[in-house]
Amino acid sequence: MRPPARPHSEWIPLKQTGVLATALLLGALAAGCALAPAGPQAAAPTFPNPPTFTFPAAVPPGDSRRTLIVGGFERSYLLHVPAGVHARTPLPLVLVFHGHRMTAAEGLAETGFNDLADRHGFLAAYPEGTGPAGAQSFNAGLCCGSAEANRVDESEFVRLILADLNRSYAVDPARIYAAGFSNGAMLSYRLACEMADTFAAVAPVAGNLVFGPCRPEAGVSLIHIQGLSDASMPYADADLDADSDPAILSVEGGIAFWASVNGCPESPETDREGRVIRRNYPSCAGGTSVVLYSLEGVGHVWPADPVFPASQAIWDFFAAHPKPDKQP
């Protein structure tokens, strides 16, 4: 079972009037990411700390929690290794970032990427945010929580995750991807800005680009999935207050920005199937691509069947977009 849908919340634009306005924005975003009780549901899986392995021995198949020291502080991530993969065979990696007030285990349960990893033979990693229990977050720029307030270096955390994995497995440098929900979606955007040389593609779901200045060193393919009834995220520029921080882009603004970064055609292809509207920028520079799926009647959630199979769509996009300059 998946965790229940998050409740909607009103978008409160960021005014340039100091700490109070910033707190209002972060409060709105946090409310959109909070878990809402909705009756009986399956408990989130737990992951005991694994034994110490002698590298370069491979981490055994299955689920484990890995612990790292980042900037003098202990951080962790959940790792899923499919059965039958070989340690020295180059493997794709998908990093999945949870939303504000969620945990890595809840992100795992919500997205179902473990099942896709088993079917398609890739590593799935679920980084844990920082902060007090029940209020964990990632520093995505202007969001969220204590991670943003403490200026947590998430890029360094990701680099150390990659280094840790490469002690056990041959992570394919051409097929490293990031997906995220809400605050995690915002972080996936920031990683594309700051680690464009590392990520082949990113997949924000229900989140905006809230980091600036964004100056990627290379093109990064992008698939964005957004519910049109998501009241906690500004979809169009008209949804932003005139005095909002310029680092906050609407969904449409972020897509236009990334299409420009990737050297995409000026006019996208647009089509509709039921409640799903697809805006596609194919044939961008360097083999990159940008696509936006806008879902009518969908709020601040990670979409799934029967409305839209977000995780499968993301993996299909990732599989089609390796980083050309890092392929053998």
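What this report covers is the structure whose coordinates are included nearby. (Residues numbered from 1 in each chain as written. Predicted model: local features only at pLDDT ≥ 70, side-chain atom pairs only at ≥ 80, totals over all residues. Heavy atoms only, no water.)

Summarising the element assignment, Thr67 is placed in strand E1 (residues 62-70). For the pair Thr67 and Glu128, spaced 61 residues apart in sequence, the C-alpha separation works out to 10.0 Å. (Helix = DSSP H or I, 4+ residues; strand = E, 2+ residues; numbered from the N terminus.)

The strand order E1-E2-E4-E3-E5-E6-E7-E10-E9-E8 describes an open sheet built from 10 strands, whose pairing is mixed. Strands at the two margins of the open sheet, each flanked by one partner only, are E1 and strand E8 (269-273). Here the strands of the sheet are splayed against their neighbours by 20° on average, with no regard to which way each runs. As paired elements, strand E3 (residues 91-97) and strand E4 (residues 123-127) share three bridges and run parallel to each other. Following the sheet pairing, Val94 is matched in E4 by Ala124. The sheet strands contacting helix H7 (residues 251-261) are strand E7 (221-227), strand E9 (276-281) and strand E10 (290-295), and the helix crosses E10 at an angle near 165°. (Pairing = 2+ DSSP bridges. Axes fitted to C-alpha atoms, helices over the stretch in contact; angles between N-to-C directions. Contact = heavy atoms within 4.5 Å.)

Our focus in this paragraph is the packing of helix H5 (residues 154-166) against helix H6 (residues 183-194). A pair of packed helices can be characterised by two numbers: the angle between their axes and the separation between those axes. Closest axis-to-axis distance for the H5/H6 pair is 10 Å, and the angle between their directions is 80°. Taken as axis vectors, H5 and H6 run roughly perpendicular relative to one another. Facing Glu154, Ser155, Val158 and Arg159 of H5, the residues of H6 in contact are Leu187, Leu191 and Glu194. Looking at the contact of H5 with H6, its residues break down into three nonpolar, one polar and three charged. (Parallel < 35°, antiparallel > 145°, perpendicular 65-115°, else oblique. Nonpolar A, V, L, I, M, F, W, Y, C, P; charged D, E, K, R; others polar.)

With that out of the way, let us pick up the nonpolar core. Leu93, Leu95, Phe97, Val158, Leu191, Phe199 and Trp258 are the most contacted members of the largest nonpolar core, which has 58 residues in total. At six residues, H6 tops the list of elements feeding residues into this core. Each residue touching Phe199, except ones within four places of it in the same chain, is listed here: Leu95, Val158, Ile176, Tyr177, Ala178, Leu191, Val220 and Lys323. Counting residues in hydrophobic clusters, the runner-up holds 37 residues, among them Ala206, Ala310, Ala313 and Phe318. (Core = buried A, V, L, I, M, F, W, Y, C linked by side-chain atoms within 4.5 Å. Buried < 20%, exposed > 50% of the residue type's maximum accessible area, 1.4 Å probe, protein only.)

Looking now at unusual backbone geometry. The omega torsion of the bond from Gly212 to Pro213 falls at 0°, within 30 degrees of zero and hence cis. Omega for the bond connecting Asp305 with Pro306 falls within 30 degrees of zero, at 5°, which places this linkage in the cis form. You can see Pro306 is positioned in the loop between E10 and helix H8 (310-320). Positive phi, normally seen in glycine, also occurs at Arg101, with a value near 70°. Along the chain, Arg101 falls in the loop between E3 and helix H2 (104-111). On the accessibility criterion, Arg101 (37% relative accessible area) is partly exposed. The phi dihedral of Ser182 is positive, around 60°, even though this residue is not glycine. Summarising the element assignment, Ser182 is placed in the loop between strand E5 (171-181) and H6. Note on Ser182: relative accessible area 0%, which makes it buried.

What follows is about the pairing of strand E6 (residues 201-205). E6 sits mainly inside the fold: five of its five residues count as buried. Judged by which residues are buried, E6 turns out to be covered on both faces: Ala201, Ala203 and Val205 on one side and Val202 and Pro204 on the other are all buried. For E5 and E6, the ladder comprises five bridges, and the chain directions are parallel. When the sheet's bridge partners are listed, Gly180 is paired in E6 with Pro204. Read from E5 through H6 to E6, the crossover connection turns out right-handed. Note that E6 and E7 share three bridges and pair parallel. When the bridges of E7 are listed, Val205 appears paired with Ile225. (Right-handed = clockwise from strand over helix to strand, strands pointing away.)

This part is about the environment of Val70. Within the fold, Val70 resides in strand E1. Separated by 84 residues in the primary sequence, Val70 and Glu154 place their C-alpha atoms 9.3 Å from one another.

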